Amino acid sequence: AARGWLDLMLRTAKKEEVKWDVIFFNNGLHDLDNNNTQGIQTYTDNMNAITAVLKESTDNLLYGMTTPQQALYKNGNSMVEDLNAAAQEIMESHGVPTFDLYQRVVDYCGPVPYVDCDICAASPCDFHYTYPGSAWIGTIIEQAILSVLPPKATE
């Protein structure tokens, strides 16, 4: 199932196939309703399939862990943490470097569950961030991408 829509998304606007310099991806925020073993297995199966397809399109595949989801965590649902643990194992099995966006937020806002943090877009915090907060979180993505790209030629 992942093959069809990913093949389309990995093409240019003119629908041409391309080998990308780098792909940084994240997946899991919409898989949070299943706090059970079956949900983790479905996620694992999907992530293995998605990762295999993406690896065909780049030599530099990078994965970002999902940031905390406060409302679920406060209600005893540790699905973000469970999916991040599964993603770490999956990416290791595929040789894909991971970048911990979850820990980046925790390092700034404090241990989960925190209530408010100045990078959160809502009070109490959920999983949306202010523009400056998103930009700050995004610096780890920028660093990850730059770490695998060749340096720019100086003129």
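How each quantity is defined
Residues numbered from 1 in each chain as written. Predicted model: local features only at pLDDT ≥ 70, side-chain atom pairs only at ≥ 80, totals over all residues. Heavy atoms only, no water. pLDDT = per-residue confidence, 0-100. Helix = DSSP H or I, 4+ residues; strand = E, 2+ residues; numbered from the N terminus. Disulfide = S-S within 2.5 Å. Buried < 20%, exposed > 50% of the residue type's maximum accessible area, 1.4 Å probe, protein only. Pairing = 2+ DSSP bridges. Phe/Tyr/Trp six-rings, centres within 6.5 Å; stacked < 30°, edge-to-face > 60°. Lys NZ or Arg CZ within 6 Å of the ring centre and 35° of its normal. Contact = heavy atoms within 4.5 Å.

**Regarding the confidence of the model for the protein chain**
Part 1: For the protein chain, mean pLDDT is 87; residues scoring 70 or higher make up 90% of the total.
Part 2: The weakest mean pLDDT in the protein chain belongs to helix α3 (residues 70-74) at 70; the strongest belongs to strand β2 (residues 61-64) at 97.

**What to know about the state of the cysteines**
Part 1: For the structure shown, the criterion picks out two disulfides.
Part 2: Residue C109 pairs covalently with C117 via a disulfide, S to S 2.1 Å. Taking the sign of the S-S torsion, about -80° here, the bridge from C109 to C117 comes out left-handed.
Part 3: The exposure class of C109 is buried, given its relative accessible area of 13%.
Part 4: Among the residues examined, C117 registers a relative accessible area of 13% and is labelled buried.
Part 5: Here C120 is linked by a disulfide to C125, with a sulfur-sulfur distance of 2.2 Å. Across the S-S bond of C120 and C125 the torsion is about 105°, and the bridge reads as right-handed.
Part 6: What makes C120 buried here is its relative accessible area of 8%.

**Observations regarding the pairing of β2**
Part 1: Residue alternation in β2 divides its side chains into two sets, L61 and Y63 and L62 and G64, and both sets are buried.
Part 2: The pairing of strand β1 (residues 23-25) with β2 spans three bridges and is parallel. Across the sheet, residue F24 finds its bridge partner in β2, namely L62.
Part 3: In this sheet, strand β3 (residues 98-99) lies alongside β2 in parallel orientation, the contact comprising two bridges. Of the residues in β3, the one forming a bridge with Y63 is T98.

**Section: the sheet that holds β1**
Part 1: A sheet is described by the order of its strands in space; here three strands give the open sequence β1-β2-β3, paired in parallel fashion. Each end of this open sheet is capped by a strand with a single partner; those strands are β1 and β3.

**With respect to the environment of P150**
Part 1: On the secondary structure map, P150 appears in the segment after α6 (131-148).
Part 2: P150 gets classed as exposed once you look at its relative accessible area, which sits at 65%.
Part 3: Placed 129 residues apart in sequence, P150 and D21 show a C-alpha to C-alpha distance of 9.7 Å.

**Let's talk about the packing of aromatic side chains**
Part 1: Evaluation of the coordinates by the stated rule reveals three aromatic pairs.
Part 2: Positioned above the aromatic ring of W136, the side-chain terminus of R104 is 3.8 Å from the ring centre.

**Brief notes about the side chain of S57**
Part 1: Within the fold, S57 resides in the loop between α2 (37-55) and β2.
Part 2: Ignoring anything within four residues of it in the chain, the contact list for S57 reads L10, V18, K19, W20 and I23.

**Section: unusual backbone geometry**
The phi angle of most residues is negative, glycine excepted, and most peptide bonds adopt the trans form.
Part 1: Of the consecutive residues V112 and P113, the connecting peptide bond is found in the cis state with omega at 0°.
Part 2: Counting through the fold element by element, P113 comes out in the loop between α5 (101-109) and α6.
Part 3: Residue P124 is bonded to the preceding S123 through a cis peptide linkage, with omega at 0°.
Part 4: With respect to the helices and strands, P124 occurs in the loop between α5 and α6.

**Quick look at the side chain of T58**
Part 1: As for its placement among the helices and strands, T58 is situated in the loop between α2 and β2.
Part 2: Once residues lying within four places of it in the same chain are set aside, the contact partners of T58 are K19, W20, D21, V22 and I23.

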